[in-house]
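The residues making up each chain are set out below.
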Amino acid sequence: MGALVLAGTGVAGLYWPRPGQRLHVAASRLTISSVTWGNFQEFTAIDGVVQPLRTVYLDAVEAGTVQQVLVEEGTTLTVGQPLLRLANPDLQLEMVNRETAVYDLMNNLRNTRNQLLQNRILRQNQLADIDFQLAEARRVFDTNQVLYDQKVIARQDYLQSQNAYRYQLRRHQLTQQTLRQDSVAMQQQLGTMQESVRRMTSNLALMRRKMDDLLLRAPVGGRLSSLAAEVGEAKTRGQRLGQIDALAGVKLHAAVDEFYIARIGAGQVGEVVVDGQAYALRVTKIFAQVAKGLQIDLAFTGTPPPGLRRGQTLPIRLALSAKAPAVLLPKGGFYQQTVGNWAFKLGADGGRAQRVAIRLGRQNPDYYEVLAGLQPGDRIVTSSYEGYADQQELVLDNHQP
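Reading the values: the criteria
Residues numbered from 1 in each chain as written. Predicted model: local features only at pLDDT ≥ 70, side-chain atom pairs only at ≥ 80, totals over all residues. Heavy atoms only, no water. Salt bridge = Lys/Arg side-chain N within 4 Å of Asp/Glu carboxyl O. Helix = DSSP H or I, 4+ residues; strand = E, 2+ residues; numbered from the N terminus. Buried < 20%, exposed > 50% of the residue type's maximum accessible area, 1.4 Å probe, protein only. Pairing = 2+ DSSP bridges. Axes fitted to C-alpha atoms, helices over the stretch in contact; angles between N-to-C directions.

Asks: How do you make sense of the pattern of salt bridges when you look at a structure like this?
Replies: Here the idea is simple: oppositely charged side chains can pair when their charged atoms come close. Counting across every chain of the model gives 18 salt bridges. With its nearest N and O atoms 2.9 Å apart, the salt bridge here joins E94 to R98. Within this pair, E94 and its partner R98 are both found in helix 2 (residues 89-149), separated by four residues, close to a single helical turn. Using a relative accessible area of 29% as the deciding quantity, one classes R98 as partly exposed. Among the ionic pairs, R362 bridges to E369, the shortest N-O distance being 3.1 Å. With relative accessibility at 29%, the residue R362 sits in the partly exposed group. Classification of E369 as buried rests on a relative accessible area of 13%. Counted as one network, the salt bridges with shared partners bring together E42, R263, R362 and E369.

Spelled out as structure tokens, the structure:
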């Protein structure tokens, strides 16, 4: 009766004469795996997206309207190659105004310098005239002093020549002091104006650089992977215009499950298999922000696989431990029912599978690490045990010894 009910439920190939003891199972429904000896390594399988080793983004330094697009996406660029030209009438008008202001200030400086030089020449002429008058007054005073000592001239004439000499001497001193002060003031005024010209010239040079920024050039050599600009389109300052992928190499960008955050570090190794050949990888960057998993960059430790293209996806085995010798059991659906505590092990003839206790340790996407209960060479049913997880023995019908 039990067998009829079981067949009615659609479970073909099963015979259940004594529940909990023995069950007939079609061998074709089972997956049989061999226990082996080898190197076990914990790793997690992730997908890596090929990206250039270095990407340079192109942003609008100045706002403007796209006037001319000089290259197309996909073009291989050289350093300094023009990419597109923006037009900004306000910036051009400000440039003209600043140039005019600089020219006016330079003219004022030139006129002021000429005027100050003329004033200096006038003062020097005045000083030369005063020097002559001082020398003449001293000659008269010295002569009158001798004549006065000889009682030849009157005291009044002597005192008059003395006062004239003292007047010219004082006048000479004041004129020299004025000339020195004028010289200092002239130097200060010229220095101030020259500093103003220097600042305005520096501002003008900065303005010219801003005008030059309207012509966007390639900061590095590489491939222009994107360029978002159409003629007549308005661009704001700082707006992203495109990006250049350097041709120096590639890297892989991947997201790791948050469960492994504590086990991921810079320098961690991994590998990717392309066309049957393994290429070693190393974690070079771990992003601080966790978004859709832990974001990491990996670089090839040697020559990368040929022909990789941006955006291509490659399967990565990211190592979580070092390799160590161990007994290995291939992964399978049986673990969902047994949690690694027991399994069905085939006998020598392969016709029967007995329930045996086992103990499993670490695991990776391919293998379980066997700690006890199994030896290399044992054959285990690794497919799902759903429907016969409470049996002690499986009899494999139509098995091939």
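Asks: Hey, could you run me through the sheet that holds strand 22 (residues 359-363) in this one?
Replies: Across a sheet, strands are paired by hydrogen bonds formed along the backbone, either parallel or antiparallel in direction. Taken in spatial order, the four strands make up an open sheet running 4-19-23-22, and their pairing is antiparallel. Two strands bound the open sheet, and with one partner strand each, they are strand 4 (36-40) and strand 22. Along the sheet, successive strands turn relative to each other by an average axial angle of 55°, direction set aside. Relative to strand 19 (residues 324-330), strand 4 is paired through five bridges, and the arrangement is antiparallel. Counted as the bridge partner of W37 is V327 from strand 19.

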